[in-house]
Amino acid sequence: MAKYKVKALTISGAGKKVFRAGNVVEDKDLVPGAGAKYVESGHLELLKSSKVAPVKEVKSEAKAEAKTETKGATKKENILKKVGKKK
Amino acid sequence: MTVQQAKQLYTQALVAVYTDQTAPLSFLRSFFKDSTSDTKLVSVEVQRGTEKVAIDVVRGTNGNRNSISRSTERIIEPPMYDEFLDATSLDAYDNYFGAGASTPTASTAARFLNSAGSKLALIRNKIERAYELQASQALFDGIVQLKNGDNIDYKRKAGSLVDLGAGSYWSAANAATADPLADFKNAGDFLRNVGKMRGGVLNVVLGGDAYAAMLQMDKFKETSDLRRIDLVDITGPVQNSVGGVLHGEVSAGNYKVRLWTYPEVYTDANGDQQDYVPQNKFLALPEMTNFNLAYAATPVVMDLPTNSAFNSAVRQKKGKYNMYDYVDKRKATHNMGLRSAGIAILTAVDQVYTAQVLA
């Protein structure tokens, strides 16, 4: 169901409701078909349909390991560092 | 008469009477022209004009054919107000009609009529406030809200119902950037370009907070302080007879703007005081408005003594306010009341501009 933000100071809704600037309304709050007309006339602004919150990137083990590597060190040195052994 | 009352006749004098009977003011209604009709419905007919320019033609050819668009008619059934009082609750009623007063005199009649008249005036004031509120709702919201009927939406354009937004409000945070004169100019441009207003004078009615905030904006103060260029002329407030308070005139673009406030309030159904002019908004109107306060006819019961089929009937009677009275035989009350059916109509719907200038 589309959601809108009221841009004009007032608009008429369904069932004698009056919405004011800044209110968020849905199609069910409006007379059927009024939403699109109000958007066209500039009374309402169509809000993008609510997005699912993006899943946070989980670092892969390989990447996490890569961060522990010391720049300039040889591959062997890094492996030894990980396992806690001195070369 | 008790002994105490008898003593007071010689020892006590009533020097003044004060009744808290506040007559409603009519500043917002003053922008509407009154009209009455003898029908239940009222209508307005609107024909849109254009500002097209004639185009030259080659001699000997056809001219440019003009087609005139049809006008639109809007039919409205105005809300009816019907307020009454029980006259038997008045002291003067018993004095006139009560026991021992079987022969009414001129003085008892005058006392009763005076008493009933002042109470009916209270009722009339109540209905007048409803019309003032209608005018306020039409001018500030574009929607007249009714309790028992459908709301009347004049479908004002979004461009005439503007929320400046947090970044442009006349607030302390925006004191350096907010520009009230530019906002008045935008109002004038809308009224001129969309509303086809004639003339260059605007009446701007501000809420009290909006007016105070306007005076604090840096750009407004800078313009006011210009030497040898007199674009702002604000003096002490002067109240007119219908309650509008004139503060002065400012120049905004091509327009001369008269600044008004209207510190009038009403009591709502919850007993709270409300402003007719919202504190955080301003309203801009052309000097000559095209709005109507149209009164439709109201029903009255007519006696039909010569009609063999019916003793009485209901007819529609023309008038702003129609008085009636009847005796309720079951309740044994003598009721007197007023009926009125008016509606504030924005005939030229694009000749009004409202902006919210504070949160």
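Residues numbered from 1 in each chain as written. Chains lettered and ligands numbered in written order. Predicted model: local features only at pLDDT ≥ 70, side-chain atom pairs only at ≥ 80, totals over all residues. Heavy atoms only, no water.

Caption draft 1: Representation of the overall build of chain B within the structure. When helices and strands are tallied, chain B shows six helices and 20 strands. The C-alpha atoms of chain B give a radius of gyration of 27 Å, which is well past the 21 Å a tight globule of 359 residues would have. Expressed as a percentage of the 359 residues in chain B, the buried residues total 42%. Restricting the contact set of chain B to residue pairs at least 6 apart, pairs at least 24 apart contribute 69%. (Helix = DSSP H or I, 4+ residues; strand = E, 2+ residues; numbered from the N terminus. Rg over C-alpha atoms; globule rule 2.2 N^0.38 Å. Buried < 20%, exposed > 50% of the residue type's maximum accessible area, 1.4 Å probe, protein only. Contact = heavy atoms within 4.5 Å.)

Caption draft 2: Highlighting the interface of chain A and chain B. Across the contact, 14 residues belong to chain A and 20 residues belong to chain B. Of the roughly 1100 Å² buried where chain A meets chain B, counting both sides, 51% is carbon and sulfur surface. When the buried surface of chain A facing chain B is broken down by residue, Leu 9, Thr 10 and Lys 16 of chain A rank first, second and third, together holding 51% of it. Put simply, chain A and chain B have one salt bridge between them. Along the contact surface separating chain A from chain B lie ten residue pairs in polar contact (both at pLDDT 80 or more). Elements that contribute at least two residues to the side of chain A that touches chain B include exactly strand E2 (10-12), strand E3 (18-20) and helix H1 (34-41) of chain A. It is E2 of chain A that provides the largest number of residues to the side of chain A that touches chain B, a total of three residues. Taken together, the residues of the side of chain A that touches chain B break down into six nonpolar, five polar and three charged. (Buried area = accessible area lost by both parts, 1.4 Å probe. Salt bridge = Lys/Arg side-chain N within 4 Å of Asp/Glu carboxyl O. Polar contact = N/O pair within 3.5 Å; in protein donor to acceptor, adjacent residues only side chain to side chain. Nonpolar A, V, L, I, M, F, W, Y, C, P; charged D, E, K, R; others polar.)

Caption draft 3: Broad picture of H1 of chain A. Those residues of H1 of chain A lying buried are Ala 34, Gly 35 and Tyr 38 of chain A. Axial view of H1 of chain A: buried residues confined to an arc of 100°, hence all on one face. In H1 of chain A, those exposed residues whose orientation departs by more than 90 degrees from the buried face are Ala 36, Lys 37 and Glu 40 of chain A. Where the residues of H1 of chain A are buried, they touch strand E1 (3-6), E2 and strand E5 (44-47) of chain A together with strand E6 (152-153) of chain B. Residue Gly 42 of chain A follows H1 of chain A closely and has a positive phi angle near 90°. (Arc of directions from axis to C-beta.)

Caption draft 4: Here's a closer look at the sheet that holds E1 of chain A. Residues and elements named next belong to chain A. Reading across the sheet, the three strands line up as E4-E1-E5 and stay open at both edges, with antiparallel pairing between neighbours. Two strands bound the open sheet, and with one partner strand each, they are strand E4 (24-26) and E5. Taking each pair of neighbouring strands and ignoring which way they run, the sheet shows an average axis angle of 35°. Here E1 pairs with E4 via three bridges, running antiparallel. (Pairing = 2+ DSSP bridges. Axes fitted to C-alpha atoms, helices over the stretch in contact; angles between N-to-C directions.)

Caption draft 5: Fine view of the layout of surface pockets. Estimated volume of the largest pocket: approximately 1000 Å³. Residue lining of the largest pocket: 30 residues in total, with Tyr 81, Ala 130, Leu 133, Thr 267 and Ala 269 of chain B positioned closest to the centre. Those elements giving two or more residues to the lining of the largest pocket turn out to be strand E4 (81-86), helix H3 (106-140) and strand E12 (265-267) of chain B. By residue number, the principal contributor to the lining of the largest pocket is H3 of chain B, which donates seven residues. When the residues that make up the lining of the largest pocket are grouped by side-chain class, the tally is 14 nonpolar, nine polar and seven charged. Lining the second largest pocket are 24 residues; nearest its centre among them are Ser 12 and Tyr 38 of chain A together with Asp 153, Lys 155 and Arg 156 of chain B. (1 Å grid on protein atoms, 1.4 Å probe; cavity = no way out; pocket = protein on both sides within 12 Å on 5 of 7 lines; lining within 4 Å. Points joined across faces, edges and corners; volume = space filled by probe spheres on them.)

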